[in-house]
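# Residue-level structure breakdown
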Amino acid sequence: MAFGKNKKRRQLDAASRNSAVKGAVRSHGPTVGKALGLTVVTAALVWGSIELRAWARVSPRFALESVTFSGLERASRAELLKLSGLAAGQNLWSLEPAALARAMGQHPWVRTVEVTRRFPRGVSVEVAEHAPAALAVLGDLYVLDEEGEPFKRVTPGDGLDLPLVTGLEREAYVADADAVRARFREALDVTRAYARLSPGRSERLSEVRLENSGLALVTTTGQEVRLGVGDTEVKLQRLARVRRELSTRGLAAEIIRLDNRARPGWVAVRLSSGSDSERSGGSTQ
């Protein structure tokens, strides 16, 4: 046959193919069997883990018995439990720590919260609260934390005796919250420096006014101190010296001005006790 194969040749080809197939089976047979075995084992493990998890989610062995809190000062255990919905008997495997943390984070005093399941029957809650640093007028009265964030409205039960920050409008905060927080931080820096340099309670700080012309302070006795812009630390040191000098003379000031831009070292004093006289002095550095 010109284009075909004879019968004997076809028989030889068929025998050769059969031999090759048998060789391949002999060669790869254990590998295929091992792969099939691994597949079966994997499937069994997956099925077993699913069954185990299903059992764990209903097992009384993992029923919630205790919730421990740390870091609470103003937020209460009862308030956070109510927000979270945690209750005795809930299965620990069914709880989502991230969701519980978000729910507790709705409490106005809570800054951050971390929830951890403690198997087999407990949950621990670690809370970091806002630290109140001052009060701010933004339409309503708010509490500022140390980062200048107005984190909650003041309520009668807060019992806070803190300096008041004024001079900014709620509309400004809504329009540019970052800029207003920066001004609040400026006011808080002044309150901390004032407390460090004026430790006595006779002229305790009552108010910090944020004005276009700079900062002004008001004490609990009503004394006004105009700091203006910049060099706050230096000006507060100068203020302490002026007060000591007035005290040695038996005088009290109604207004002390340290905001002279043309002559930064000058201090102007308006005396109290019914006197309208104003005294100016040179540099007290």
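Residues numbered from 1 in each chain as written. Predicted model: local features only at pLDDT ≥ 70, side-chain atom pairs only at ≥ 80, totals over all residues. Heavy atoms only, no water.

Put simply, the rule is: UniProt positions are given in the numbering used here, feature names are shortened, and annotations may be inferred rather than shown by experiment.
By the naming in an unreviewed UniProt entry, the chain is Cell division protein FtsQ, taken from Corallococcus sicarius. What the UniProt record of the chain gives under Sequence similarities (unreviewed entry) is the line "Belongs to the FtsQ/DivIB family. FtsQ subfamily."

### Details of the sheet that holds strand E2 (residues 110-118)
Just so we agree on the cut-off: In short, DSSP must find at least two bridges between two strands for them to pair. The numbering of helices and of strands both runs from the N terminus, where a helix is a DSSP run of H or I of at least 4 residues and a strand a run of E of at least 2. To define axes, lines are fitted to C-alpha atoms, for helices over the stretch in contact only, and angles between the resulting N-to-C directions are given on a 0 to 180 degree scale.
The strand order across the open sheet formed by 3 strands is E1-E3-E2, and the pairing between neighbours is mixed. Two strands bound the open sheet, and with one partner strand each, they are strand E1 (66-70) and E2. Between one strand and the next, the sheet's axes are offset by a mean angle of 20°, whatever the strand orientation. As paired elements, E1 and strand E3 (residues 122-129) share 5 bridges and run parallel to each other. Its bridge partner being in E3, Ser70 is matched across the sheet by Glu126.

### Description of the packing of aromatic side chains
The following threshold applies: Working definition: a ring pair exists when centres of Phe, Tyr or Trp rings (six-membered ring for Trp) sit within 6.5 Å. Plane angles under 30 degrees give stacked, over 60 give edge-to-face, the rest tilted. Only protein chains enter the accessibility calculation, which uses a 1.4 Å probe; a residue is then buried when its area is under 20% of its type maximum, exposed when over 50%, and partly exposed in between.
Under the criterion given, the structure shown has 4 aromatic pairs. Aromatic side chains Phe62 and Trp93 sit 6.1 Å apart centroid to centroid with 85° between the ring planes, which places their arrangement in the edge-to-face category. With a gap of 31 residues between them, Phe62 in the loop between helix H1 (7-56) and E1 and Trp93 in the loop between helix H2 (77-84) and helix H3 (97-104) connect regions that are remote in the sequence. Accessibility expressed as a relative area gives 25% for Trp93, which makes it partly exposed. Here the aromatic rings of Trp93 and Phe119 are separated by 4.7 Å at their centres, their planes lie at 35°, and the arrangement is tilted. Here the residue Trp93 occupies a position in the loop between H2 and H3, and Phe119 occupies one in the loop between E2 and E3, the gap between them amounting to 26 residues. Taking relative accessible area as the criterion, Phe119 reaches 40% and is therefore assigned partly exposed.

### What about the nonpolar core?
Counted only if it meets this: The definition of a nonpolar core used throughout is a set of buried Ala, Val, Leu, Ile, Met, Phe, Trp, Tyr and Cys residues joined through side-chain atoms within 4.5 Å. The contact criterion used throughout is that any non-hydrogen atoms of two residues lie within 4.5 Å.
Counting 33 residues, the largest nonpolar core has Phe184, Leu217, Leu227, Ile256 and Val269 as its most contacted members. A per-element tally of this core places helix H5 (residues 177-197) first, with 7 residues. What Leu217 contacts, discounting residues up to four positions off in sequence, is Val190, Tyr194, Leu205, Glu207, Val208, Gln223, Glu224, Val225, Leu227 and Leu236. Of all hydrophobic cores here, the second largest spans 17 residues; its members include Leu86, Val113, Val115 and Val123.

### What about the packing of H2 against H3?
Put simply, the test is: Roughly parallel here means an angle under 35 degrees, roughly antiparallel means over 145, roughly perpendicular means 65 to 115, and every remaining angle is called oblique. Left-handed is the label given to a crossing in which the near helix is rotated counterclockwise from the far helix by less than a right angle, and right-handed is the label when the rotation is clockwise. Gly counts as polar in this scheme, as do all residues outside two lists: the nonpolar Ala, Val, Leu, Ile, Met, Phe, Trp, Tyr, Cys and Pro, and the charged Asp, Glu, Lys and Arg.
Two elements in contact, H2 and H3, have axes whose closest approach is 8 Å; the angle formed by their N-to-C orientations is 125°. The orientation of H2 relative to H3 falls into the category oblique. Crossing of H2 over H3 shows right-handed handedness. Along its contact with H2, which presents Leu80, Leu83 and Ser84, the element H3 presents Leu100, Ala103 and Met104. When grouped by side-chain class, the residues that make up the contact of H2 with H3 number 5 nonpolar, 1 polar and no charged.

### A short note on H5
Threshold: One fewer than the residue count of a helix, multiplied by 1.5 Å, yields its expected span.
For H5, spanning 21 residues, the distance from its first C-alpha to its last is 30 Å, which sits close to the expected 30 Å at 1.5 Å a residue. When we look at burial in H5, the residues that qualify are Val180, Arg181, Phe184, Ala187, Leu188, Val190, Thr191, Ala193 and Tyr194.

### Structural notes on the pairing of strand E8 (residues 205-211)
Summarising burial for E8: 5 of the 7 residues are buried, a large majority. Judged from the 3 bridges that link them, strand E7 (residues 164-166) and E8 form a sheet pairing that is parallel. In the strand pairing of E8, Val165 is matched with Val208. Note: E8 against strand E9 (residues 214-219), 6 bridges, orientation antiparallel. Residue pairing for E9: Leu205 is matched across the bridge by Thr219. Two successive antiparallel strands, E8 and E9, enclose a turn made up of 2 residues.

### Quick look at the pattern of salt bridges
Here the idea is simple: oppositely charged side chains can pair when their charged atoms come close. Our working rule: Counted as salt bridges are all cases of a side-chain nitrogen of Lys or Arg within 4 Å of a carboxyl oxygen of Asp or Glu.
Counting across every chain of the model gives 15 salt bridges. The partner of Arg192 in a salt bridge is Asp189, with the nearest N and O atoms 2.9 Å apart. Of the two residues, Arg192 and Asp189 both sit in helix H5, 3 residues apart, roughly one turn of that helix. Taken together, the shared-partner salt bridges connect Arg209, Glu211, Glu224 and Arg226 into one network.

### Examining the environment of Arg153
What counts here: Polar contact criterion, stated in full: a pair of N or O atoms within 3.5 Å, where within protein one must be able to donate a hydrogen and the other to accept it, and residues adjacent in sequence count only if both atoms are side-chain atoms.
Relative to the helices and strands, Arg153 is located in strand E6 (residues 150-153). Separated by 18 residues in the primary sequence, Arg153 and Leu135 have C-alpha atoms spaced 9.2 Å apart. When near neighbours in sequence (up to four residues on either side) are disregarded, Arg153 contacts Asp140, Leu141, Tyr142 and Asp158. In this structure the side chain of Arg153 is engaged in a polar contact, spanning 2.9 Å, whose partner is the side chain of Asp140. Here the side chain of Arg153 touches Tyr142 through a polar contact of 3.3 Å, side chain to side chain.

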